Amino acid sequence: MIHNTVAIIMAGGAGSRLYPLTKTRAKPAVPIAGKFRLIDIPISNCLNSDIRKMFILTQFNSESLNRHLSRTYFFAPFSEGFVQILAAQQTIANAEWYQGTADSVRKNLQYFMGKSIDYHLILAGDHLYSMDYQNLLEFHVFSQADVTVGVLPVSREKTSAFGILKMDRENRITDFIEKPKDDQALEPFRLPDEFAKERKMNLAETPFIGSMGIYLFNRNVLSELLTETDHADFGKGIIPHAIRSKRVYGYLFRGYWEDVGTIGSFYRAMMDLVSPLPKFNFYEADRPIYTRPRYLPGAKITGCQVCRSIINEGAVLEECRIEDTMIGLRTRVKTGAKISRSIIMGRDYYEAEEDHETNRRLGRPDAAIGRDCVIEKAIIDKNARIGDGVQILDRNRERDVETDNWVLREGIVIVPKDAVIPPGTVIG
């Protein structure tokens, strides 16, 4: 069955809540864990589940995403596997861009209806989780479902960010509400005691069931729902409509799942990765996360103090202190710097000595973390230049701020890609 399944990965969102990380790139292209991209997560889940046919739907700021995909995922000439990019395009039949997740699939439906395809797996390109989709497919077939939705337990505090579902004892979804804002609308969706007890769920912590944005459709059902309705989104339109007319079931997922759609959630997820026992495990031998191979030397660490941190390939650290921090590819940290609770995304290139001479002539810092810098609770995007003696301090962060060279959001300072922070600058 898994070989008759095609994955369709939504990667076209603007990602405005992750600004400025999405200023020049699509949300699924945002770097994570020092060397990966968000899009690597659903693609790796597919590969680890033996799904080899994948379409990636792109739209906003897609150049770096398209470049990453084309450099990373290619199959042997005689393999049936592929990762194909379908960018938003204007046609004679339709001159509009994608209006939503369902609309993007509708406009490309002709590419998904091959004779050998029986199931369509719709995935988001910007979630952090590990799932074996074979288990989802087996549940779907066993339940004789028309549509299966990946669902997970949700706390009361997080319900406003989810589509909340009501399921019967057979896991069939009977009702749906999109991102409820008040208790009166939410209360009918609270899990019954018997339902939670049978599934060993903790009602005190997670009394609701939310949609993960993962949908598995039978081929003919997806075609019917998209051609006979004009709903733009799966969550807001297609799924509620299907509940009324089709057999829609919920596949309960009990593992770690995080929507890193805001600066705060992204920062917390990355900080969890450097903890001794992270919730998401990049170190699973049988379920690796794939990305573009770089032919880089190991990290070079000279006279440094490093505590609870991840140092990626090609980094050069000189007599500095690193604590609770993610250090990305090719990062250079100069003597005397102190970095804590931060994400340093690294660089796309090395600078040679002639580049340093050019920097001095132009009066700009090297593409590095300068001497004697202090950086606390910050995200330093790729290729940023942090001058000597810069201090980014964890204080005075009660309100959001945006300047030409840095942004403060949710109490976190973000230095955008290619930005320059002059020597001696104090932020905080």
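Report follows, based on the coordinates. (Residues numbered from 1 in each chain as written. Predicted model: local features only at pLDDT ≥ 70, side-chain atom pairs only at ≥ 80, totals over all residues. Heavy atoms only, no water.)

Regarding helix 9 (residues 263-273)
Residues separated by three or four positions in an α-helix point in the same direction, a consequence of the helix having 3.6 residues per turn.
Then, in step 1: The element helix 9 is largely enclosed, with a buried count of 10 among its 11 residues.
Then, in step 2: Residues I263, G264, S265, F266, Y267, A269, M270, M271, D272 and L273 constitute the buried set of helix 9. (Buried < 20%, exposed > 50% of the residue type's maximum accessible area, 1.4 Å probe, protein only. Helix = DSSP H or I, 4+ residues; strand = E, 2+ residues; numbered from the N terminus.)

Some details on the pattern of salt bridges
Then, in step 1: If you walk through the whole model with that rule in mind, you get 25 salt bridges.
Then, in step 2: Where salt bridges share partners, they join R169, E194, E198 and R199 into one cluster. (Salt bridge = Lys/Arg side-chain N within 4 Å of Asp/Glu carboxyl O.)

Some words on the environment of I263
Then, in step 1: Here I263 lies in helix 9.
Then, in step 2: As a C-alpha pair, I263 and G428 span 165 residues in sequence and 18 Å in three-dimensional space.

Here's the deal with the sheet that holds strand 14 (residues 300-302)
Then, in step 1: Taken in spatial order, the 3 strands line up as 14-17-20 in an open sheet, and their pairing is parallel. Of all the strands in the sheet, the pair left with one neighbour each is strand 14 and strand 20 (332-333).
Then, in step 2: The pairing of strand 14 with strand 17 (residues 316-318) spans 3 bridges and is parallel. Each bridged residue has a counterpart across the sheet, and for K300 the counterpart in strand 17 is V316. (Pairing = 2+ DSSP bridges.)

Here we look at the environment of E351
Then, in step 1: Counting through the fold element by element, E351 comes out in the loop between strand 22 (343-344) and helix 10 (353-362).
Then, in step 2: Exposure remark for E351: the relative accessible area of 13% places this residue in the buried category.
Then, in step 3: Here the alpha-carbon distance between E351 and A367, two residues 16 residues apart in the chain, equals 7.4 Å.
Then, in step 4: Among the polar contacts made by the side chain of E351, one reaches the side chain of N359 at a distance of 3.3 Å. (Polar contact = N/O pair within 3.5 Å; in protein donor to acceptor, adjacent residues only side chain to side chain.)

Topic: unusual backbone geometry
Then, in step 1: Of note, the bond from Y19 into P20 is cis; its omega dihedral lies within 30 degrees of zero at 10°.
Then, in step 2: Looking at the element boundaries, P20 is found in the loop between strand 1 (5-11) and strand 2 (31-32).
Then, in step 3: Although it is not a glycine, D50 sits at a positive phi angle of roughly 70°.
Then, in step 4: If you trace the backbone, D50 turns up in the loop between helix 1 (40-48) and strand 4 (53-58).
Then, in step 5: Exposure remark for D50: the relative accessible area of 28% places this residue in the partly exposed category.
Then, in step 6: Phi is positive for N396, which is not a glycine, with a value near 55°.
Then, in step 7: With respect to the helices, strands and loops of the structure, N396 is situated in the loop between strand 26 (391-392) and strand 27 (401-402).

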